[in-house]
Structures are given as C-alpha cells and as structure tokens.
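# A structural walkthrough
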Amino acid sequence: MTGRVLPYDVEGSGPHRALVLHNWFGDRTSFAALREHLDKDTGSYAFLDCRGYGEAMDADGAYTMEEVAADALAVADDLGWDDFCVVGHSMGGKAAQLMLLDAPGRVRSIIGISPVSAAGFPLDAETWELFAGAAENPANRRAIIDNTTGGRHGDAWLSGLVDRSLRRSSATAFRAYLDSWSRTDFHERVRDNPAPVLLVVGAHDPALGAETMEATWLRWYPNARLTVLPDAGHHAPEETPKDLAEAIEAFLAA
C-alpha cells in the first residue's frame, strides 16, 4: 500500500527518533501534555494525524490500520528517517506492528501505550454496540473513556476528552477504524518477532492493562517488557504525562 504524507510536526532535535501515533479518541493534540515533558535535546518526536483526524480530518481513505502504517512510513520518508522507534497509543499500537512488518529494517523498536495487540480486541455484542455507537453518540464516548480510566476522573476532565474527540475526528473515520483495530487479527505474523518492545500501561485500565499484555504482546514478542504506571488508566498521555515521558526516554536511551 502506498501511503500519503499527512499533517505532522516534530518536537525536539535529538538523536533518538520516534514516530508517534495517536489513539482512537484523539488526534495528535492528545499528546500536548506529554510533549511538555519530553527532552528536546535527546529526542526527535514526529506527531502525525491519522486520516479523518485533526488536520487530516478531510483526508479520504479506507481508515484501516494498514493505511495508518503506510501513511506513517510516508511521513518517515518525508523526514528522511532511515530508522526510528514507533510509539503507538491504543489503536496506534496496532498500526505500529504493521509498520514493523512492512519495514523491519527501519522500525528499530516499538513503544506501546495501552496498545491494542495484533490479535485485535474482541468485544461482546453489548460492548460492540457501545463502541460502534460512539461514532455518533457523545455519551457512548464518555462512558468508554470513564470506564477505561477506572471511573477516577471528574466531569470537566471527561468532557474535555469527549469534546476534543468530537471536534477533531470524523464520525465516518472513527467508526471505520473500529472494525480495523478491534476485529482484524495478524498475531501469527508477529509471533517471535525479535524487535525490542516497551509496553506502558495504566494500573487503572481494565481493558488494555497488564493482564491483557501478558496474554498477548508478552507471549509473541520475546524482547518485550512491561511497565505499569500506578496513577494512570487508558489515557496515560493525559493522565500521567511526566511518568510516561520518563518511561519513553529511558527505553529510547537504552
């Protein structure tokens, strides 16, 4: 698949290069708090919008993980980056694995932040209706965010994430990506992949926390390791950005 260079910007000018892929609920502005804590002298971080999000809201596409991976590699080409790490939050973590498969000589490592595995994320019928309905129903988005952060945040925080999600994502793209990140399964293609992998999850994430990582990523990637952030749920970039930045930078410097 041929990718398209989508809107992106780079934070920092250091030697540790990383492409950063956002989650289902947020465009690249979802990393705003994290960016404040990154060391600009040691890292170069390229944050991009997936088609249907942020500055790429009007970009047509199939809205699949394969397309996200191809577009991200096109951004790497545009930057002139021969090799780099891929940081993926939630659905971005699934696309990161396709980048590894498509360009194994270029993707040096993966950092998954509460990442969806290569097997997807099976949902029962009731939960599927909740997630599929979130494309059009703000209350569904709120319920999902509240649940996956452990019901620990107040109305203002939840409303902020929901409002940004609605403003900065196309409902068509939002709904289409769900099929791709939740239902497609390519885990046999990544089994025993030797790439270094860091998994950073929140202790209060009931969906993509430590237990899920142990049943998926940690079984398939022999060089994967897990870090649990005690004060985060599913949205660590916004909940505990300083702790997340420290985990990312330590891994890249190793």
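Before reading on, note that the structure itself is shown above.
Overview of the structure. Within any chain, residue numbers begin from 1 and follow the written order of that chain's sequence. Thresholds applied to this predicted model are a pLDDT of at least 70 for local features of residues and 80 or more for the giving and counting of side-chain atom pairs; totals over whole chains, interfaces and linings are not thresholded and use all residues. The side-chain quantities take in all heavy atoms of the structure and omit both hydrogens and water.

### Thoughts on the nonpolar core
To keep it simple, the criterion reads: We call a set of buried residues a nonpolar core when its members are Ala, Val, Leu, Ile, Met, Phe, Trp, Tyr or Cys and they connect through side-chain atoms within 4.5 Å of each other. Each residue's exposure class comes from its accessible area (1.4 Å probe, protein chains only) as a fraction of the maximum for that residue type: buried when under 20%, exposed when over 50%, partly exposed otherwise. Secondary structure counts use DSSP, requiring at least four H or I residues in a row for a helix and at least two E residues in a row for a strand, with both numbered from the N terminus. Only heavy atoms matter for contacts: two residues are in contact if any of them lie within 4.5 Å across the pair.
Judged by nonpolar contacts, the single largest core of 59 residues is most densely connected at Leu 19, Trp 24, Phe 84, Met 99, Tyr 177 and Trp 181. Of all the elements, helix H2 (residues 65-79) adds the most residues to this core, at seven residues. Aside from chain neighbours lying at most four places away, what touches Tyr 177 is Trp 24, Cys 50, Arg 51, Tyr 53, Tyr 63, Thr 64, Met 65, Val 68 and Met 91. Counting 22 residues, the second-largest nonpolar core is a separate cluster that includes Tyr 45, Ile 113, Val 200 and Ala 247.

### Considerations on the pairing of strand E2 (residues 16-21)
To keep things clear, this is the line we draw: Strands pair, by our definition, only if DSSP identifies at least two bridges between them.
Alignment of E2 against strand E3 (residues 43-48), held across six bridges, turns out to be parallel. When the sheet's bridge partners are listed, Val 20 is paired in E3 with Phe 47.

### Details of H2
Condition: Expected span of a helix, by definition, is 1.5 Å for each gap between consecutive residues, and there is one gap fewer than residues.
If you check H2, its first and last C-alpha atoms are 21 Å apart, about what 15 residues at 1.5 Å a residue would give, namely 21 Å. With 11 of 15 residues buried, H2 lies mostly within the body of the structure. All buried positions along H2 are accounted for by Met 65, Glu 67, Val 68, Ala 69, Ala 70, Asp 71, Ala 72, Leu 73, Ala 74, Val 75 and Ala 76. Each element contacted by the buried residues of H2 is listed here: strand E1 (8-11), E2, E3, strand E4 (84-89), helix H3 (91-102) and helix H7 (171-183). Downstream of H2 by a residue or two, Gly 80 has a phi angle that is positive, lying close to 75°.

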